[in-house]
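Reading the structure
One-letter residues, chain by chain:
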Amino acid sequence: MRRVSLLALALALGIGVYFGPASSEPTLGPGPKISVVAVAHPIPTHPQYTKVDSIYFKDLIPKRSNGRVEVKGSTWTEMNITGYEIVRMARQGQIDIGNAPLTYIAQDVPMLDAADLAGLNPTVEQARKVFDALVPAANKELERFNTKIIGSNPYPAQILFCRQPLTGLADLKGRKVRTFGPALNDLMTALGATPVSLAYAETYVALERGVVDCGITGSGSGNAAKWYEVTTHQYTLPLGWAVSGYFTNLTWWNKLDPAVRKYLEDTWKELSDRQWQFGGVELTQDGIDCNSGRPSCKIGTPDKDSPMVEVKPTDADRVLLKKLLTDSVLPSWVKRCGAKCGDVYNSVVAPITGVKYTAR
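To start, this report covers the structure provided alongside it. Given the structure is predicted, the values throughout are model-derived calculations rather than measurements. (Residues numbered from 1 in each chain as written. Predicted model: local features only at pLDDT ≥ 70, side-chain atom pairs only at ≥ 80, totals over all residues. Heavy atoms only, no water.)

On to helix 6 (residues 124–142). At valine 135, helix 6 is bent by approximately 50°, the largest bend along its length, and proline proline 136 sits one to four residues beyond. What helix 6 keeps buried is the set Val124, Gln126, Ala127, Val130, Phe131, Leu134, Ala138, Asn139, Glu141 and Leu142. In this fold, the buried residues of helix 6 make contact with helix 5 (102–105), strand 4 (147–153), strand 10 (244–249), helix 11 (258–291) and helix 13 (339–353). (Bend = angle between axes of the 7 residues up to and from the residue. Helix = DSSP H or I, 4+ residues; strand = E, 2+ residues; numbered from the N terminus. Buried < 20%, exposed > 50% of the residue type's maximum accessible area, 1.4 Å probe, protein only. Contact = heavy atoms within 4.5 Å.)

Below, the structure written as structure tokens:
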């Protein structure tokens, strides 16, 4: 009955992710209760929070643990933060588990940018392989901050939302583009655009007022934040995936009862698998469809009043993106991160991506 009820709940909420066999569900036997403080995703209306994380926090984790584990879940805006503070908050014990894009945390741990450099991963499947391969090296670096990664998620393909028409990357020259993280800054600069670092929650107003001409975010994320109301064109070339980690306080994690720790570890592995399918695959296309006002929009909100123009990526821009990654984005990251990062990249990432770093 539990498997049927959970599957029905998922379908009712529009989750198109696979629920594995009942025997694989993480469970926990009777024992002392614990409370977990978790902060994930930018806004409470984001589909990856409402349709995945919050279901785990409010329903699945308590039920499967026989009521032993209670999760107090919230989002960045509810905590009045931008996401850049997640690892610091976890380190200080203000939260137990926090979620943020790796590039946000890369200001403190530059190695993390290697998983999702602008132009690195043309597909979400490759992005997952790169992330998983980098976790051991990333967690070694995170030890300095008394934190570790216990799970992950991508956001939908990071695409361009623009106020004016565009046909490709070359049209960004001279435009002000909302970015997040140094790798996207490097890419926009190489294209002749002016990168403007803005928090996700601030970008709608910046687009509305013309402070920026374009903004980069996930197709479904932009839909959730109603960017379609203040932009006219979406260029659907994936510039990245805003690959994110679930970071936990290492001291708190290691002090957990081993059975509880194993339960949470297995739970976040399952949650991560569902997020990669839902956020990376399903929400990517649904966001594009919803922004375009198509009937195939099922998860987000269809833009019926002023459907956006979808501009599909060209082969020439795919080639250009890879060239800019090799010539600008990758070398700039190694310069910030240090020669050791170039070595880690070439040993861990390059065999997956086929793009090697060469010292200059």
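On we go.
Attention now goes to the state of the cysteines. Overall, the coordinates contain 3 disulfides when judged by the stated rule. One disulfide bridge connects cysteine 162 with cysteine 214, the sulfur atoms lying 2.1 Å from each other. In this structure the cystine formed by cysteine 162 and cysteine 214 twists about its S-S bond by roughly 110°; its chirality is therefore right-handed. Of this pair, cysteine 162 sits in strand 5 (residues 158–162) while cysteine 214 sits in strand 8 (residues 214–218), and the two are 52 residues apart along the sequence. With a relative accessible area of 0%, cysteine 162 lands in the buried category. What makes cysteine 214 buried here is its relative accessible area of 0%. Paired through a disulfide, cysteine 290 and cysteine 297 show a sulfur-sulfur distance of 2.0 Å. Residues cysteine 290 and cysteine 297 are joined through a disulfide that is right-handed, its torsion about the S-S bond being 90°. For the pair formed by cysteine 290 and cysteine 297, the shared burial category is buried. (Disulfide = S-S within 2.5 Å.)

As a further point, take the pattern of salt bridges. Counted by the stated rule, this structure contains 16 salt bridges. The salt bridge involving aspartate 132 is made with arginine 128; its shortest N-O contact spans 3.4 Å. Of this pair, aspartate 132 and arginine 128 both sit in helix 6, 4 residues apart, which is roughly one turn of the helix. According to the relative accessible area criterion, aspartate 132 is partly exposed, its value standing at 40%. Classification of arginine 128 as partly exposed rests on a relative accessible area of 22%. (Salt bridge = Lys/Arg side-chain N within 4 Å of Asp/Glu carboxyl O.)

These results come straight from atomic positions and should not be treated as a statement about function.
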